Amino acid sequence: GETEYVNRQWLEYSGLTPEQSCDLQKVAEFHHPEEVQAVLEQWTIARATQQPFEMEARLKRASDGAYRW
């Protein structure tokens, strides 16, 4: 239920440090406002049930604030 690894592409896209990328609330700020609640709910369920978590969502690019799939 914790982030163990983030790749270089995520760090460049988000502008976050590896430490910041482990903060769920910080990462939630990068999800599109229409999807953030569903992402957090599904993540919470996956952690509680120890089931795999997979979801497509739009993420905000740090360099220009554009949301991309």
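Structure's up top.
Not measured: the values here are computed from a predicted model.

Some details on the environment of Glu12
Alright, step 1. With respect to the helices and strands, the residue Glu12 is situated in helix α1 (residues 8-14).
Alright, step 2. Along the primary structure Glu12 and Ala62 are separated by 50 residues, whereas in three dimensions their C-alpha atoms are 8.2 Å apart.

Here's the deal with the environment of Leu40
Alright, step 1. When you line up the elements, Leu40 lands in helix α3 (residues 36-49).
Alright, step 2. The spacing of Leu40 and Arg8 is 32 residues in sequence and 23 Å in space, taken between C-alpha atoms.
Alright, step 3. The residues touching Leu40, leaving out its near neighbours within four places in the chain, are Leu24 and Ala28.

Quick notes on the packing of aromatic side chains
Alright, step 1. Tallied over the full model, the rule gives 2 aromatic pairs.
Alright, step 2. Ring centres of Trp10 and Phe30 lie 5.9 Å apart, and the angle between their planes is 70°; on these two criteria the pair is classed as edge-to-face. Of the two residues, Trp10 is situated in helix α1 and Phe30 in the loop between α2 (24-28) and α3; the sequence distance between them amounts to 20 residues.
Alright, step 3. Between Trp43 and Phe53, the ring centres sit 5.4 Å apart and the planes meet at 80°, which makes this aromatic pair edge-to-face. Taken as a pair, Trp43 in helix α3 and Phe53 in the loop between α3 and β1 (59-60) lie far apart in primary sequence, 10 residues in all.
Alright, step 4. Assessed through its relative accessible area of 23%, Trp43 is described here as partly exposed.

Thresholds applied
- Residues numbered from 1 in each chain as written.
- Predicted model: local features only at pLDDT ≥ 70, side-chain atom pairs only at ≥ 80, totals over all residues.
- Heavy atoms only, no water.
- Helix = DSSP H or I, 4+ residues; strand = E, 2+ residues; numbered from the N terminus.
- Contact = heavy atoms within 4.5 Å.
- Phe/Tyr/Trp six-rings, centres within 6.5 Å; stacked < 30°, edge-to-face > 60°.
- Buried < 20%, exposed > 50% of the residue type's maximum accessible area, 1.4 Å probe, protein only.

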